[in-house]
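Here is what each chain is made of, one letter per residue.
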Amino acid sequence: MLKYQQIAAEIETYIEEHQLKQGDKLPVLETLMAQFEVSKSTITKSLDLLEQKGAIFQLRGSGIFVRKHKRKGYLSLLSNQGFKKDLEDFNVTSKVIELDVRKPTPEAAENLNIGIDEDIYYVKRVRYINGQTLCYEESYYNKSIVTYLNNEIVSHSIFHYIREGLGLKIGFSDLFLHVGQLTEEEAEYLELEAGLPKLYIESIFHLTNGQPFDYSKISYNYEQSQFVVQANSFLL
């Protein structure tokens, strides 16, 4: 984790631990620079990151204010941290159905920007929230980037392992959303009836250098899933 990311995480923890509310004012820029013993540019990057996440807003000449309305159980569609962070107050578990090294499907190869003869990690798992099915997930990881996975890693947080275990810097993501009906296979894993509604998300995650490393297809249980999108500007 880079210094500015660490500072952003500490400020966010401070907001949560002190139960600060919408509109509460944070220390000014100079105070934060002295507190963390870093330059103005580092603090500015930390604040920009928090603003992108919807945790704060900044008013020139007035200060830095708390923005985030945190609702328990809501998943952020704009987060690149994996959704365990959003559900840290809940018991999130995973059941690994398949984990192996194979060649990618043409669809996965295209989205990962690799050849069909290259190796990928294929992961199929069901994720649970407080013992209830949350989502059914198929993921393809570029093995030249994500060089190692095992059942223990896949049973917990793959993104935490990618950041902390492999030291990779996760950059941006592209998400494609579709509302449809559960297939027989999806329904079986989600313990629902086929034909019931689902939110289906295809996601492509990239490193900070632009390399895609993860292509995932996730079908969410409509009874357990809640989502939030926090926009930072509105253009007419």
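Refer to the structure printed above.
Before going into details, it helps to say that this report is about the structure given with it. (Residues numbered from 1 in each chain as written. Predicted model: local features only at pLDDT ≥ 70, side-chain atom pairs only at ≥ 80, totals over all residues. Heavy atoms only, no water.)

A word on the side chain of Ser-46
Of note, Ser-46 is situated in helix α3 (residues 40-53). Residue Ser-46 is classed as buried on the basis of its relative accessible area of 0%. There is a polar contact of 2.8 Å between the side chain of Ser-46 and the backbone oxygen of Tyr-4. (Helix = DSSP H or I, 4+ residues; strand = E, 2+ residues; numbered from the N terminus. Buried < 20%, exposed > 50% of the residue type's maximum accessible area, 1.4 Å probe, protein only. Polar contact = N/O pair within 3.5 Å; in protein donor to acceptor, adjacent residues only side chain to side chain.)

Topic: the pairing of strand β9 (residues 197-207)
Burial analysis of β9 places 9 of its 11 residues in the buried class, the great majority of the element. Where strand β8 (residues 170-181) and β9 come together, 10 bridges link them in antiparallel fashion. In the strand pairing of β9, Asp-174 is matched with Ile-204. Relative to strand β10 (residues 212-221), β9 runs antiparallel, the two sharing 9 bridges. Among the inter-strand pairings, Lys-198 is bridged to a residue of β10, identified as Asn-221. (Pairing = 2+ DSSP bridges.)

Side note on α3
For α3, which comprises 14 residues, the first-to-last C-alpha distance of 20 Å matches the rise-based estimate of 20 Å (1.5 Å per residue) to within 8%. Of the residues making up α3, those classed as buried are Thr-42, Ile-43, Ser-46, Leu-47 and Leu-50. What you see down the axis of α3 is that its buried residues fit within an arc of 130°, all on one side. Here the buried face of α3 lies against α1 (3-17), α2 (29-36), β2 (56-59) and β3 (63-66). (Expected span 1.5 Å × (residues − 1). Arc of directions from axis to C-beta. Contact = heavy atoms within 4.5 Å.)

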